[in-house]
Amino acid sequence: MNNNNSLGPFYFDLTLFTDQGALRYLFFTLCLLLYAAIVSANVFMIVTICLERSLHQPMYIFISCLSVNSLYGSAGFFPRFMVDLLSDTHLISRPACFIQIYVIYTYASYELTILSVMAYDRYVAVCQPLHYHSKMSFSVVRNLLIIAWFYPAFAAVLCVSLAGCLPLCGNKIHRVFCGNWSVVRLSCVDTTLNNIVGRILTITTIFLPLIFVLYSYLCILLVCRRSSSEFRGKALQTCLPHIVTFMNYSISIFCELLLTRFEPDEINQFVFVVLSLEFLIISPINNPLVYGLNLPQIRGVILKCLKIPKMVPAG
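An account of the accompanying structure is given in this report. (Residues numbered from 1 in each chain as written. Predicted model: local features only at pLDDT ≥ 70, side-chain atom pairs only at ≥ 80, totals over all residues. Heavy atoms only, no water.)

### What about the packing of aromatic side chains?
- What the rule picks out here adds up to 13 aromatic pairs.
- Geometrically, the ring pair formed by Phe77 and Phe81 is stacked, given 4.8 Å between the ring centres and 25° between the ring planes. One end of the pair, Phe77, and the other, Phe81, are both in helix α2 (residues 58-86), four residues apart, so they sit about a helical turn from each other.
- Between Phe177 and Phe279, the aromatic rings sit 6.4 Å apart at their centres with planes inclined by 65°, giving edge-to-face as the arrangement. In this pair, Phe177 is assigned in the loop between β3 (172-173) and α6 (180-184) and Phe279 in helix α9 (residues 269-294), connecting sequence segments 102 residues apart. Taken individually, Phe177 and Phe279 each receive the classification buried, so the pair is uniform in this respect.
- Ring pairing ties together the aromatic residues Phe17, Tyr35, Phe77, Phe78, Phe81, Tyr107, Phe177 and Phe279, which thus form one cluster. (Phe/Tyr/Trp six-rings, centres within 6.5 Å; stacked < 30°, edge-to-face > 60°. Helix = DSSP H or I, 4+ residues; strand = E, 2+ residues; numbered from the N terminus. Buried < 20%, exposed > 50% of the residue type's maximum accessible area, 1.4 Å probe, protein only.)

### Re helix α1 (residues 23-51)
- In this model, α1 (29 residues) spans 42 Å end to end at C-alpha, consistent with the 42 Å of a helix rising 1.5 Å per residue.
- All of the buried residues along α1 are Arg24, Cys31, Tyr35, Ile38, Asn42, Met45, Ile46, Thr48 and Ile49.
- Of the surrounding elements, those touching the buried residues of α1 are α2, α9 and α10 (296-305). (Expected span 1.5 Å × (residues − 1). Contact = heavy atoms within 4.5 Å.)

### As for the sheet that holds strand β1 (residues 11-14)
- Spatial strand order, β2-β1-β3: three strands in an open sheet with mixed pairing. Both outer strands of the open sheet, β2 (91-93) and β3, are each paired with one neighbouring strand and no more. (Pairing = 2+ DSSP bridges.)

### Remarks on the state of the cysteines
- Enumeration over the complete set of coordinates arrives at two disulfides.
- Here Cys97 pairs with Cys178 through a disulfide, and the sulfurs are 2.1 Å apart. Between Cys97 and Cys178 the disulfide shows an S-S torsion of about -125°. By sign, it is left-handed. Linking Cys97 in helix α3 (residues 94-127) with Cys178 in the loop between β3 and α6, this pair joins segments that are 81 residues apart in sequence. (Disulfide = S-S within 2.5 Å.)

### As for the pattern of salt bridges
- Applying the stated criterion across every chain yields a total of five salt bridges.
- Ionic pairing is found between Asp88 and Arg24, a salt bridge with its closest N-O pair at 3.1 Å. Residue Asp88 is found in the loop between α2 and β2, and its partner Arg24 is found in helix α1; the two are separated by 64 residues along the sequence.
- For Glu256, the salt bridge is made with Arg175, and the minimal N-O distance between the two is 2.8 Å. Placement of Glu256 in helix α8 (residues 229-259) and of Arg175 in the loop between β3 and α6 is noted, with a sequence separation of 81 residues between them. Of the two residues examined, Glu256 and Arg175, each falls in the buried class. (Salt bridge = Lys/Arg side-chain N within 4 Å of Asp/Glu carboxyl O.)

### What to know about a nonpolar patch on the surface
- Residues Leu23, Leu26, Phe27, Leu30 and Leu33 make up a contiguous nonpolar surface patch of roughly 460 Å² in combined accessible area.
- Relative to the helices and strands, Phe27 is located in helix α1.
- On the basis of relative accessibility, which here comes to 31%, the residue Phe27 falls in the partly exposed class. (Patch = residues over 30% accessible without salt bridge, like charges linked within 9 Å, V, L, I, M, F, W, Y side chains within 5 Å. Areas by Shrake-Rupley, 256 points an atom, 1.4 Å probe, with all protein chains shown as cover.)

### Focus: the environment of Leu186
- Summarising the element assignment, Leu186 is placed in the loop between α6 and α7 (192-225).
- Through-space distance from the C-alpha of Leu186 to that of Phe81 is 22 Å; in sequence the pair is 105 residues apart.
- When near neighbours in sequence (up to four residues on either side) are disregarded, Leu186 contacts Phe12, Pro167, Leu168, Cys169, Gly170, Asn171, Lys172 and Ile173.

### What to know about the packing of α3 against helix α5 (residues 138-164)
- At a minimum axis distance of 8 Å, the contact between α3 and α5 shows a crossing angle of 150°. Comparing the axis directions of α3 and α5 gives the class roughly antiparallel. As α3 runs across α5, the sense of the crossing is right-handed. For the pair formed by α3 and α5, the contact residues are Arg94, Phe98, Ile101, Tyr102, Thr106, Ser109, Tyr110, Thr113, Ile114, Val117 and Tyr120 on the first element and Leu144, Ala148, Trp149, Pro152, Ala153, Ala156, Val157, Val160, Ala163 and Gly164 on the second.
- In terms of residue class, the contact of α3 with α5 is built from 16 nonpolar, four polar and one charged. (Axes fitted to C-alpha atoms, helices over the stretch in contact; angles between N-to-C directions. Parallel < 35°, antiparallel > 145°, perpendicular 65-115°, else oblique. Left-handed = near helix turned anticlockwise from the far one by under 90°. Nonpolar A, V, L, I, M, F, W, Y, C, P; charged D, E, K, R; others polar.)

### Observations regarding the pairing of β1
- Where β1 and β2 come together, three bridges link them in antiparallel fashion. Residue Asp13 lies in a different strand from β2, and its bridge partner there is Leu91.

Take it as geometry only, folks, not as evidence of what the structure does.
In structure tokens form, the structure reads like this:
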């Protein structure tokens, strides 16, 4: 499967797919249902926020951006994954592999930058409520989202470009999807530059947003500690979904980062695959459920759209 190009093989072999026999159709059906649920839930969330004028506020705009990102990341993973489940061979072309790397890496980074912007929004709302409308104006929201989308795209282009220039001496990727580090490890030459750039970008696109989110919620907790119980209740009601989403995604992304440093034969293969897919599967379905069920404003609009009457406690 090699061509004459000095950069090496034109196709990569995703080696963690195994022959499941007739079970492949069951796995395919489950993945199809999950993908349909992710698309339906996130599209419904986006449409609900767009059509309901009362939800045209920064927090809900950011939530709709999370849903857009979930659709984007799922589209970069599920269709190809489902094809591989039914296929006897699991070869992916070099261009398709690098496109998948770009989409998955930007999806993962977008999730963190959007969560960082949302943490800042909650920080201003709770800690500086009198300045909220000036600090979170439409122009500020727009600029924050431009930064949140632009930098991860730049970082992913840089990583993919550096990996794409490497001459490769193999074509076996021990994953079920293409990963930048998996490709870099196939290099025939020194990859010090890739390693340095990769570490810098990992710090700036993953660890710095995580630290900022933690700092924002620490400030919120300190303010709530000095405030009334009513204020704490309202703050917790709006911040809890963000904290749940943040914790869930942080665990998922740390699992992925740790797995890039292990060989599949060092860990149970099933566990390796499940943990590597967590950030691609759990977050896209978790976000609309958490925000749709926990934020009363969104929940009320959803119930109204579905024409489900709210339960009124007996007097």
